[in-house]
Structures are given as C-alpha cells and as structure tokens.
Amino acid sequence: MGRFVVRRLLQIIPIFFGVTFLVYFLVSALGSPLDTLSPQQKRNPAYLEYLTEQFNLNDPFIVQYFKYIGNVFTGDLGTTFAGESVTEIVITRMPVTATLAGTALVIELVLGIVIGVVAARRRGKLFDNASLVIALIFIAIPVFVLAFVLQWLFGIKLGWVVPTGISEGWPLSYIVPAFVLAAGSLAYVIRITRQSLLETLNTDFIRTARAKGLPAGTILRRYGLRNSLIPVVVFLGLDIGALMTGAVVTEGIFNVPGIGQQLFTSIKQQEAVVIVGIVTLFVIIFQLLNLLVDVISAALDPRIRYE
Amino acid sequence: MSDLQVEAQSAQAAGPESRTVAADAWYQLRRNWVFWVSVVLIVGISAIVLFPGLFASEEATTSLTGGCQLEDSLEAPGDKFLLGADQQGCDVYSLSIYSARTSVSVGLLTAIGTTLIGSLLGLLAGFYGGKSDSVLSGVTSIFLGLPFVLGAVVLLSSVDLPDIWGVVFALTLLSWATAFRLVRAKTIEAKGQDYTLAARALGAKDLRIMFRHILPNAIGPSIVVAVISLGIFIGAEATLSYLGLGIQPPNTSWGVMISEAQNAFFTAPWVLMVPAGFLTVTVLAFILLGETVSDALDPKLRK
C-alpha cells in the first residue's frame with residue numbers, strides 16, 4: 001500500500017506541471033489578457049501596468065510560466081487590482097467552501113447509496129422507476145436553474161430558510177445550496193449504486209452466501225454493498241471537477257461567501273488575475289483529492305493496488 | 001453507426017441466420033420506449049433548429065419589426081403571449097425557439113470536434129504505440145486534470161475569441177481527451193485481433209488497416225459518448241453564457257436568455273423557466289439516446 005501511494009504521488013508531479021502549464025497556456029499563449037479588457041479598463045494605464053506586471057507580459061512565454069509556477073510554489077496566487085493577496089482571500093474563504101462541499105458530499109453519498117440500494121432491491125417497481133426518472137432530470141437540469149428554483153421554493157415561497165447568505169449558520173443556511181451542489185452527482189451515485197449492486201447480487205459468491213442460509217440483510221451489508229461501492233468511489237474522483245464548477249455557480253447564486261463566490265464575482269468583473277489564481281488552486285486541490293480517491297479505492301480493492 | 005462498421009461486422013458473422021452486433025442492438029432498441037421518446041424529442045428539436053419559422057415568427061423576437069414593446073414587459077403567460085414576455089416585452093416562447101439553433105450548434109460542433117480529434121489521435125497512438133503513444137497519453141492526463149468548464153472560464157476570460165466559435169474552440173480544446181482514451185484502448189484491443197493480422201498478411205498498408213479494419217471496430221463507444229456529451233456540451237455552453245463568458249448578446253442562446261432572466265425570476269418565473277425547460281429537455285433527450293444505444297450495444301446487459 002505504501003509503495004502504491006508513493007508511485008501515485010510521483011505520477012502527480014508531471015501532471016501538476018502539465019496542468020499548470022495548460023492553465024497558463026490558456027491565459028497568455030493564445031492571446032493576451034489585455035485583449036478582453038473593457039474600454040474603461042483599457043484607458044486606465046495603472047490597470048494595464050498592473051496586468052503586465054502580474055502576468056509578466058513583457059517576458060517571453062516560457063519565462064512567464066516559470067515565474068508563475070515559482071509564485072505558486074511560494075504560495076503567491078497573485079494580487080487583486082485593489083491590492084489584496086489572492087492567497088489570503090482564498091484562505092479566509094476556504095472554511096465556508098469546505099463546509100458547503102462537505103455537506104454536499106454527505107448528502108450525495110448517504111441519499112445516493114440509500115436510494116440506490118432500495119431501487120436495486122425493488123428492481124422494476126414504482127420506487128425504482130421513479131428514482132431513475134428523477135435522477136435523469138437532476139442530471140439534465142443545469143445547476144443554476146435548479147439553484148434558482150430551489151432558492152425560490154424554500155427561500156421565498158415556503159420561507160423555510162433565508163434565500164441568500166449564511167447568516168443562519170450551519171445547517172440551515174447550507175442545506176439548500178449543498179443540495180443544489182450535490183444534485184447532479186447524487187443522481188449518478190443512485191444509478192451507479194443500483195447498477196453495481198444488481199451486478200454483484202448476480203454473482204456466484206452471493207448465491208453461495210444465500211445457499212449457506214445467511215439472512216438477506218447480512219448478505220446485502222457484508223457481501224453485496226462492500227463489493228458494489230468501489231465504482232461509487234471511483235465516480236467521486238471523476239466528479240470532483242464537476243463539483244468545483246458547480247460550487248462557483250451555487251455559491252454565486254446563494255451568495256455563500258466561499259472561494260467559488262469569489263471566482264463568480266471575479267468572472268463577472270473580468271479580474272483575470274484572480275480567476276487564474278483560484279483556478280490554479282482548484283487544479284491543485286483536484287489532483288490531491290484524486291490521489292485520495294485512488295488510495296481509498298486501492299484500500300477497498302487489492303486488485304487496483306497491484307495493477 | 002457507420003456503413004463501414006455494419007459491413008465489417010457482417011463480414012465476421014458466420015451463417016445466414018446470425019445477426020450482426022448492429023442488427024442485434026437495433027432489435028433491442030426497437031422495443032425500448034425510452035429510445036423512442038428520445039428519438040421523437042430529438043426529431044422535434046432538430047425541426048426547431050432547422051426551421052424555427054415553422055414554430056414561431058422571428059418578428060416577435062426583435063423590436064426592429066415591432067415585435068417587442070416595452071409596455072408588454074414581463075407580461076404573464078396568457079392570450080397575448082403563450083408563455084409570457086421578458087423584460088423587453090419580447091415573446092419568451094419565440095425567443096426560446098430562435099435560441100435553439102445557437103445552443104444546439106455549439107453542442108453539435110463541439111461533440112463532432114472532440115470525437116474527430118480524440119478518435120484520430122487515439123487511433124494513431126494506439127496503432128503505433130511507442131513514444132508517440134506515451135507522449136499523447138501523457139498530454140491526455142494533463143487535459144483530464146483540468147475540469148473543462150473551469151479551463152474554458154480561464155480561456156474565455158483572458159483571450160478575446162469570437163463568441164460562438166470561441167465557445168466551441170474552448171470546449172473542444174479542453175475535452176477531446178475522453179474520446180482519445182476510448183479509441184486508443186479499443187485500437188490496442190483490435191490491433192491484436194485475427195482480422196487485423198489477416199489484413200496485414202494479405203499485404204494491407206497501415207492506413208488501410210487503421211481506417212478500414214480497426215477504426216470501424218473501435219469507434220462505436222466514442223460515438224455513443226459523443227451523443228451523451230452533445231447534451232453535456234449544450235449544458236456547458238449555457239453555464240458559460242450564464243457566467244457571461246459564452247455567447248454574447250445580441251446573439252442569443254438558452255444560456256443567454258437564462259442569464260438575462262435571473263433578475264426577473266422571482267417576479268416573473270416564466271422568463272427563466274421557459275428557456276430552462278427547453279434546455280433541460282434537450283440535454284435529457286441526448287443523454288437518454290446515448291444511454292439506450294450504449295446499453296443495446298453492450299452484450300452483458302442483454303436480458
């Protein structure tokens with residue numbers, strides 16, 4: 001297991017350099033951040049100077065990249081035009097985003113696995129079909145539409161929660177945004193759990209367990225679920241990217257003061273420096289979480305470890 | 001499914017009674033009502049995209065011809081406006097119909113682009129192996145390491161690109177890697193098969209083997225993924241346009257409509273719900289089609 005983790009960590013290094021290079025390539029190799037400025041910003045020499053300095057636009061591309069990656073390693077994600085450090089903004093906002101993402105994760109795993117298991121056990125019945133249809137709708141509906149609808153329903157129509165902000169603290173202020181953030185992934189977790197459990201329940205070792213006379217509940221918990229949850233864990237790794245995108249929109253709409261909301265505001269205000277800094281941070285988190293997911297699946301399934 | 005594939009598979013089939021994979025899949029699909037629902041929806045959406053004039057009049061979508069009157073601003077659904085009017089007093093239904101073309105085009109072009117680039121590179125990497133394969137596979141893991149909507153946000157916010165083609169370019173550049181992986185894996189599998197060896201023994205050149213024998217057998221899964229991702233790309237365009245980075249007004253798409261409707265949503269929900277409904281149904285239709293076809297092609301799931 002230790003060797004697996006080390007090997008996986010070593011694999012991350014080239015990918016980390018590659019992805020940060022790609023981000024930087026998108027920023028300044030295909031054009032210049034000065035091109036997208038609004039007319040007012042273009043007339044402001046201080047702003048032009050600020051961007052040139054932040055992105056090292058006077059240097060050759062490859063030098064720009066190394067300066068940027070050097071800054072990332074020393075924990076410097078750039079400075080906003082107002083003079084604030086992006087790193088500091090991110091650190092202050094991190095707990096809020098972590099709380100929201102954690103709540104979303106709990107919702108999607110608990111609800112997803114429970115609904116998936118019940119659907120698999122009642123295959124073809126009303127519950128199964130209904131949960132599959134609802135799951136498909138959650139997959140197809142864009143995050144921001146679901147956000148507006150639930151904000152209106154719970155925040156205004158029913159008045160159960162304050163529609164925006166986190167003034168009521170956890171859980172009341174977080175529950176609706178967390179559900180919106182979780183909805184798409186929740187749908188996939190339901191489908192994957194159901195599919196995977198159905199496949200597992202068809203295998204020989206389950207038949208053997210039944211033949212031995214084990215109670216159905218024990219078979220499900222000890223044999224069925226344990227072997228069915230690996231695809232769910234693998235899915236979570238793939239899904240982190242979608243969750244990050246979702247967090248930007250969800251925090252923006254519900255006015256949750258996390259990192260996503262900062263990115264949302266920066267996009268609206270065209271603050272390229274902040275956008276690049278936060279996306280870089282997201283990429284690093286994305287790689288680390290993927291590593292974590294790989295380690296968990298390797299712990300669950302020895303076959304992955306020895307591949 | 002391409003003629004090539006059908007041909008290649010019927011060549012493999014033994015005896016007159018056996019069915020090809022494609023025929024077998026079709027036999028499955030024909031009896032699946034979900035498949036027919038998605039087909040009907042997609043035919044309807046295609047009709048709207050190709051001939052919007054049949055469903056609504058363009059005059060209702062612009063004030064130039066007297067279609068939008070400010071006095072009708074946020075008029076509720078009723079006799080005058082079937083599904084209500086937006087802030088400018090334009091008919092929301094007609095606008096949604098005329099927005100379909102941009103939304104679906106972006107999805108379609110991106111799906112075609114990612115499939116072409118991903119499949120071609122995947123075919124080459126899988127067929128030749130060696131250094132070019134290692135390099136391309138390494139590049140793929142880099143692209144997969146950047147969530148594609150976030151990458152598109154960075155690109156579109158720092159580089160000035162023409163809006164529709166810019167969105168297509170950004171999404172294609174950042175999401176061809178999935179098709180690459182699928183086709184590469186399938187190519188490596190097909191390379192060792194007897195029919196490939198037979199073709200080589202008969203003196204076929206690399207290009208002929210790749211495009212005539214391997215590609216038809218390797219591209220199936222990536223076409224299915226392309227159909228599903230078509231739906232996902234339509235949703236991604238809407239997200240980018242919602243953030244103000246995608247399609248720019250006066251061009252319009254469902255994402256642009258939703259973005260412009262958000263401030264009026266609590267007083268006039270139809271302004272947002274109508275384009276959102278079109279968007280959701282379209283995305284759903286492509287995902288359903290892709291999934292039913294993929295299930296039908298998978299022999300393990302046969303009942």
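This text goes with the structure placed above it.
What you see is a predicted model; the values in this text were computed from it and never measured.

A. Summary view of the overall build of chain A. Tallying secondary structure elements over chain A gives 14 helices and zero strands in all. Going from the N terminus to the C terminus, chain A shows its helices and strands as α-α-α-α-α-α-α-α-α-α-α-α-α-α. In chain A, which comprises 307 residues, the share counted as buried stands at 37%. Long-range pairs, those at least 24 residues apart, make up 72% of the contacts in chain A with a sequence separation of at least 6.

B. Molecular detail of the overall build of chain B. In terms of regular secondary structure, chain B is built from 13 helices and zero strands. In chain B, the succession of helices and strands from N to C terminus is α-α-α-α-α-α-α-α-α-α-α-α-α. Within chain B, buried positions represent 49% of all 303 residues.

C. Representation of the interface of chain B and chain A. Residue-level contacts link 35 residues of chain B with 39 residues of chain A. When residues of the side of chain B that touches chain A are traced back to their parent elements, those giving at least two are helix 5 (130–144), helix 6 (148–158), helix 11 (220–242) and helix 13 (270–297) of chain B. When residues in the side of chain B that touches chain A are grouped by element, the largest group, eight residues, is from helix 6 of chain B. In terms of residue class, the side of chain B that touches chain A is made up of 23 nonpolar, eleven polar and one charged.

D. Focus on the nonpolar core. Membership of the largest hydrophobic core comes to 163 residues, with the highest contact counts inside it found for Val-23, Ile-275 and Val-279 of chain A together with Ala-152, Val-153, Val-154 and Ile-258 of chain B. Broken down by element, the residue count for this core peaks at 16 residues, all from helix 13 of chain B. When sequence neighbours within four positions are dropped, the list of residues in contact with Val-23 of chain A reads Val-276, Val-279, Thr-280 and Val-283 of chain A together with Leu-146 and Val-154 of chain B.

E. Helix 10 (residues 206–218) of chain B, seen in detail. Between the first and last C-alpha of helix 10 of chain B there are merely 16 Å, a value that for 13 residues lags more than 12% behind the 18 Å anticipated at 1.5 Å per step. Within helix 10 of chain B, burial applies to Ile-209, Met-210, His-213, Ile-214, Leu-215, Asn-217 and Ala-218 of chain B.

Parameters and conventions
Residues numbered from 1 in each chain as written. Chains lettered and ligands numbered in written order. Predicted model: local features only at pLDDT ≥ 70, side-chain atom pairs only at ≥ 80, totals over all residues. Helix = DSSP H or I, 4+ residues; strand = E, 2+ residues; numbered from the N terminus. Buried ≥ 20, exposed ≤ 12 C-beta atoms within 10 Å, placed from the backbone. Contact = placed C-beta atoms within 7 Å. Nonpolar A, V, L, I, M, F, W, Y, C, P; charged D, E, K, R; others polar. Core = buried A, V, L, I, M, F, W, Y, C linked by C-beta atoms within 7 Å. Expected span 1.5 Å × (residues − 1).

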